[in-house]
Structures are given as C-alpha cells and as structure tokens.
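# Working through the structure, step by step
Take a look at the letters that make up each chain.
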Amino acid sequence: MRRRFPSLALLAGLVVGLTLGLAYTWGVNPVELTNTYPALLRTDHRLEWIRLTALSYAAGDSLERTQTRLEGLEEEDIARALETLLKEQASHGSWEALRRLTALAEALDVGVLPELLELEPTPTPSATLPPTPTSTPTVTPSPTATWTPTPTATPSATPSPTITPSPTVTPTETLTPTQTMTPTATYTPTATFTPSPTATPSSTPTPTKTPTPSATPTPSRTPTPTPTPTPSPTLTPSPTPPLLRRLEVSEKEQLCDPESPLHIAVVVQDEEGEGVPGVEVWLTWAQGADRAVTGLKPDEGLGYADFNVEPDTAYAISVGELGMPLISGLQLEDCPDEGEDGEPIAGSWRIVLAP
Amino acid sequence: MGHNRMRQRPPSWFRQAVIGVALGLALGFAVGWWLWPVTYTNTSPAALREDYRDDYILMVAAAYDVEGNLQEARARLEQLNSDEPAAPVRGLAERLIEGGGQEEDITRLARLARALGVADPLLTPYLEGQP
C-alpha cells in the first residue's frame, strides 16, 4: 500500500502537468502566428497570392521570381487562379497581359485548360508587339544544281579553302531557320549564287571547274554571319511597348464649349491615326495625380481618355510606365470668344498623342 | 528534535506528485511547441513572414500597374492590417532605396504610393524616370 501510493501521485502529477503544459502551449501561448508563409493562407488569400504573382509576371517580373513565389503551393490552386485570370484578361481585352499569362501557364505546366491557352492574342492594330517568328522554311537554296561558274562571279563564288567538299551536306537541313532567327532578306541566296542571265560566261568553263556536287559552295555556310541580333528565345517584349516610347504631342486643340465641364481630353493614336485603347495616361499636377486608361469611353473613340480639371492649375501629361511628361505646364486658357454674359470662358484642351 | 525534523519533511507522495507535475509540464511543452505544435492553415496576409509580406506589397504594386485598379490595390493593402494602406508601400519603397533594391520595384511602389496620395520627395526621382 505504501509503495502504490507514491506511484499514483507521480502519475496524477504527470497527467496534471501534461494537461497544464498542453493548455499553455496550444491555448495560451501557441506558436507565433506572425511568421507564416503563402501555403498557409486561407484559400481566398492563397488564390489571391497566386493571382498577384501572375499579374506581377504580366507586369514584367521574371519567371524565376514568379516560380519562387509559387513554391509550396498546390498546382491545382495555381491552375485554378491562372484560369480565372486568363478568362478575365481575355474578356477585358488586355492582350499583352493575356499573352504573358499564357506564356506563364505554359511555362509552369500546371494543367491549365488547353482551350484557355489557345486564347492567343492577335496582333493589335497598334503593332506594338514584335512580330512573332514564323519558321517559314522558304530559304531553300536549290540553285546549286544549276549554278555554273562564271568568270565574273569567281571572286565571291570561289569557295574559301575552309569549305571542304562534302556531298553529304544537304542545304535544306542546315538552312532551316530556328525559332530564334527572324527570317530576313539576308537569308535569300545572294546574287553571286543565282545564275543570272547577264553573267554569261565569256569563256566556257574549263572541265576542271565543272561543278560537282561536292564543289558547290554550300550556302549553309555563307548565311551564318548574316543574322542580326535576334530576340531572346522567349521572345519577351519590353515591358513598355515601343509605341508609347515614340508618342509625342501631335495636336493641341482648345475646346470652347460652355456647356461641357472643364476637362483635358487625351487621344492616343498609332501610326495610322487609329485610336489605341488600353493606354495608361497620367495627369499630374503639383498637389496630386490622376490616371485614366484610353478606350473606356468607346463613343469618343478607342484612344480617348479625359480628366476633369480646375482652372489656374498647371498640369502635365505622361503615358504608360514612362515618368517623363509629354507635355507640361498645361493650363486652361480663356477662349477667344466671350460667353453670352460677356464674361470670358475657359476652354478645355484636347491633346492628341501620336508617334 | 529528530522526530520533529522528520515530521516537517513533506510526505513522499507529495514529492512524487511534484515530480510528476514537473515531468508532465516538460512533456507538455515539448509536445505543444516542438513535436506537435499548433498549425495555422487559415491565415491572412497580415500574418506573413516579413519577406513574404514585402513580396505581397511588391505584387500589389505590380498588379496595380497591370490592372490600374486603385480601389483593388487599396483593398489588398488593407489585408496587411496597417493603419494606413499607403504606409507599407512607402515603407518598403524607402527600405529598398536604402538597401539598393531593384529600380523597377521601387518605381512601381512609387507609382502606387503616388496614386494613394503619398508625396514623398524620396520617391519623386523614380516617378520622373531619373532615380
């Protein structure tokens, strides 16, 4: 009896101690909640995190950074968020963002619905996107079979000593342009290789110069220096479309309509004078800034955006991600004609931005 | 005297119980904090570790660049439980400037801060494209 009593006390103390310890560590002072990571976010916040990650990629962040941000997250969640985002961007007509998001979905390979990946953006009229490379194997230098050496063509047609006759080299294989090579005119066989009627041989070629297949200067070697700096394999465009960099004020017109509120209208046009939608326009002044996107008032035109403004304030206008204003010190001015009451009326401005 | 000392000593069962409680507490702490801690699966962005939190702010600024929706950006920043939504944007921008962060990130933060009504001379060069 005396032996069992202490062991019961030990057991009871153990239970009490364990209970108190767990109550304290789980209830009173649990593991800190301030150092969590994205995978522990509530579902809606987690999807929002993925959405923000994808939008950041669309804004120009690198794929590496994007993948780091998505580490530890379920592929299913990523696919879900990307699908939603792709649909939204497709419906909003943000083609550049859609293009980047499609590329991201393909790069991540998380099982986004294939039909959503087919929402390929078509080149917009503004032609701000670089032309997509088309692997057109049009460069098939077949003239080798008909090439006859002419004396005039010898300086350029003479095979350099490094060109060793190799009958096994087939030009079609070596000249197939890769994805990174934008086919340019430099791929077309030069005049030195094509038999031109004017280059009639003044003397008949000697039998030794009869072109055997092996002696044919393989065009596959000559075009190699021609490729100019090519775009990167990913064909990532610069974050700021080239059109925005080339915009300048092409027209500044005062609008004198006493019925309409004082405003500054901005019209963004491309090279053809067509309105460009989706361009971010900033109006800044000493005390603040306002932002508008062209195309939200289709009745006024695709490239139209406007701001309500106050008299006696100097404004500056900039577009896109460029911080440099295209026009500054823009203030409302009195119209040449006075109002019906004889008082001067302030006119609004219509600013046309075009390359 | 010796008899009195013997009576003053706590009984052995009491000592056993104290030892038991101490062992139980130690075991409870080990289990609760180390072996089997509380896990949170429904946290909010406010609970993110600082580096993730910074990433979140950067992404909000980038998303604002793409979407142009200031209201949405403000709502996202409010998830951080800051007194003022612009405060974390401004704070991160200043930290990045001091720490030599990426210019593109700072520029995005500066644009969002400006849209949120922040007029910080430190950010002005990034808005003018001449940091």
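The structure reproduced in this document is the subject of the present report. Predicted model, so just to flag it, every value in this text is computed and none were measured. (Residues numbered from 1 in each chain as written. Chains lettered and ligands numbered in written order. Predicted model: local features only at pLDDT ≥ 70, side-chain atom pairs only at ≥ 80, totals over all residues. Heavy atoms only, no water.)

Residue and element names in this part refer to chain A. As enumerated under the stated definition, the model contains one disulfide over all chains in all. Each sulfur in the disulfide pair Cys-256 and Cys-335 lies 2.0 Å from the other. Disulfide Cys-256-Cys-335: the torsion about the S-S bond is -105 degrees, which places it as left-handed. Separated by 79 residues along the polypeptide, Cys-256 in the loop between β1 (248-255) and β2 (263-268) and Cys-335 in strand β8 (residues 333-338) bring together distant segments of the chain. Its relative accessible area of 7% is what places Cys-335 among the buried residues. (Disulfide = S-S within 2.5 Å. Helix = DSSP H or I, 4+ residues; strand = E, 2+ residues; numbered from the N terminus. Buried < 20%, exposed > 50% of the residue type's maximum accessible area, 1.4 Å probe, protein only.)

So, about a negative patch on the surface. A cluster of like negative charges, contributed by A:Asp257, A:Glu259, A:Asp337, A:Glu338, A:Glu340, A:Asp341 and A:Glu343, occupies part of the molecular surface. Within the secondary structure layout, A:Asp257 lies in the loop between β1 and β2. (Patch = residues over 30% accessible without salt bridge, like charges linked within 9 Å, V, L, I, M, F, W, Y side chains within 5 Å. Areas by Shrake-Rupley, 256 points an atom, 1.4 Å probe, with all protein chains shown as cover. Salt bridge = Lys/Arg side-chain N within 4 Å of Asp/Glu carboxyl O. Lys, Arg positive; Asp, Glu negative; His and termini not counted. Charge placed at Lys NZ, Arg CZ, Asp CG, Glu CD.)

On to the interface of chain A and chain B. Facing the 49 residues of chain A at the interface are 55 residues of chain B. A combined buried area of about 4600 Å² lies between chain A and chain B, and 64% of that area is made up of carbon and sulfur atoms. The interface formed by chain A and chain B holds five salt bridges in total. Between A:Arg51 and B:Glu67 there is a salt bridge, and its shortest N-O distance comes to 2.9 Å. For the pair chain A and chain B, the interface holds ten residue pairs in polar contact (both at pLDDT 80 or more). Listed by contribution, the elements that provide at least two residues to the side of chain A that touches chain B are α1 (4-28), α2 (43-59), α3 (63-69), β3 (280-285) and β4 (288-293) of chain A. Of the residues in the side of chain A that touches chain B, the class split is 27 nonpolar, 14 polar and eight charged. (Contact = heavy atoms within 4.5 Å. Buried area = accessible area lost by both parts, 1.4 Å probe. Polar contact = N/O pair within 3.5 Å; in protein donor to acceptor, adjacent residues only side chain to side chain. Nonpolar A, V, L, I, M, F, W, Y, C, P; charged D, E, K, R; others polar.)

So, on to the packing of aromatic side chains. If you walk through the whole model with that rule in mind, you get four aromatic pairs over all chains. Between A:Trp49 and B:Tyr56, the aromatic rings sit 6.4 Å apart at their centres with planes inclined by 20 degrees, giving stacked as the arrangement. Residue A:Trp49 is found in helix α2, and its partner B:Tyr56 is found in helix α3 (residues 50-67); the two belong to separate chains. Relative to B:Phe14, the ring of B:Trp13 lies with its centre 6.0 Å away and its plane at 90 degrees, an arrangement referred to as edge-to-face. A residue is classified by how much of its surface remains accessible, and B:Trp13, at 37% relative accessible area, is partly exposed. Each residue in the set A:Trp49, B:Tyr52 and B:Tyr56 is aromatic and connected to the rest through ring pairs, giving one cluster. Stacked on the ring of A:Trp349, the Lys or Arg A:Lys252 has its end atom at 4.5 Å from the ring centre. (Phe/Tyr/Trp six-rings, centres within 6.5 Å; stacked < 30°, edge-to-face > 60°. Lys NZ or Arg CZ within 6 Å of the ring centre and 35° of its normal.)

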